[in-house]
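# Understanding the architecture of this molecule
Listed here are the chains, written in short residue letters.
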Amino acid sequence: MLVGNYLHSHFESPAAHEAFLAEHPEIMASTGKTKGQLKKPYQVADAMIDTLEGDPEVMALYQGQKELIVTGQIGGVDWMGKLDCFADNHKYFADLKTTQDIYKRMWVDDNRSWGSFIEAYRYPLQMAVYQELVRQNYGTRSAPLIVAVSKQDPPDHEIVSIPQDLLDYWLNKVIELQPRIEAVKNGEVEPKRCERCEYCRATKRVSKIVSLYDLVS
Ligand SMILES: [Zn+2]
């Protein structure tokens, strides 16, 4: 999270990056041989920054308003988004995402199949919401572009589009599922345990014996 913020602040502005460094002295090693140097994850982040900045195609794309807050209502619920970079022509907005390996196959629970890290982390849902907030504020249907950069040595990077039908699917899904989520938040409906998340794992009591076939499905 903090490493992501480090990277984002760099691409926001020099002032934002300076402010981040001032607020987070803990990202520097304070003892040992590397005292005064960035800790390892931030050195990796620096390599990721160099990779993106070293590609003129990425730099040409990543021009526009940085860290732009967009707000609106979807299905009567208040939403807020932060666009990493909104192109001045409003044709697209870019979102920086870091990952171990851009091409790594990951399990996508929603599809019960293998897919990309973008699906596994439900980024299409986030991008669908952002696209809708942009539409409400600017009257344009801007394309979300994921600027993906990996933590490998050297880092890999790609600019990734999301099919519009997948964005439409997720926006509809948000509208469909939101009433229940709101009801749970307001304490009107009991939440259902998923038995997978941090909260459920921390409070788990086995209620039945499961078949080995249920472990991976
Ligand atoms: Zn849970």
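The sections below set out a description of the structure shown in this document. As the structure is a computational prediction, the values presented were derived from the model and not from experiment. (Residues numbered from 1 in each chain as written. Predicted model: local features only at pLDDT ≥ 70, side-chain atom pairs only at ≥ 80, totals over all residues. Heavy atoms only, no water.)

## Brief notes about the coordination of the zinc ion
Which entries qualify depends on this criterion: Any N, O or S atom lying within 2.8 Å of the metal counts as a donor, and for Na, K and Ca the limit rises to 3.2 Å; water is left out, so some sites can look incomplete.
For the zinc ion, the protein coordination sphere consists of Cys-194 (SG), Cys-197 (SG) and Cys-200 (SG), at 2.2 to 2.3 Å. Between consecutive donor residues of the zinc ion, the sequence gaps follow C-x2-C-x2-C.

## Digging into helix 2 (residues 14-23)
Going by this rule: Each residue is placed in one exposure class: buried if its accessible area under a 1.4 Å probe, protein chains only, is under 20% of its type's maximum, exposed if it is over 50%, and partly exposed if it falls in between. Helix and strand definitions follow DSSP, with helices as H or I runs of at least four residues and strands as E runs of at least two, each counted in order from the N terminus. Regarding the arc, it is the one traced by the directions from the helix axis to the C-beta atoms. Contacts are residue-level and defined by heavy atoms, with any inter-residue pair within 4.5 Å sufficient.
Looking only at helix 2, the buried set comprises Ala-16, His-17 and Phe-20. For helix 2, the buried positions fall inside an angular range of 100° around the axis, keeping them on one side. Among the exposed residues of helix 2, those pointing more than 90 degrees away from its buried face are Pro-14, Ala-15, Glu-18 and Ala-22. In this structure, the buried residues of helix 2 make contact with helix 1 (2-12).

## Quick look at the packing of aromatic side chains
Short version of the rule: Pairs were defined over the aromatic rings of Phe, Tyr and Trp, the Trp ring being its six-membered one, requiring ring centres within 6.5 Å. Orientation was assigned from the angle between planes: stacked under 30 degrees, edge-to-face over 60, tilted for the rest. A positively charged side chain is recorded as over a ring if its NZ (Lys) or CZ (Arg) lies within 6 Å of the ring centre. The angle to the ring normal must also be within 35 degrees.
Taken as a whole and assessed by the stated rule, the structure comprises 9 aromatic pairs. Aromatic side chains Tyr-6 and Tyr-42 sit 5.3 Å apart centroid to centroid with 75° between the ring planes, which places their arrangement in the edge-to-face category. Placement of the pair is Tyr-6 in helix 1 and Tyr-42 in helix 3 (residues 40-53), with a sequence separation of 36 residues. The rings of Tyr-6, Phe-20 and Tyr-42 are connected pair by pair, giving a single aromatic cluster. The ring of Tyr-123 has Lys-97 lying over it, and the distance from NZ or CZ to the ring centre is 4.0 Å. Between Arg-105 and the ring centre of Trp-114, over which it is positioned, the NZ or CZ distance is 4.0 Å.

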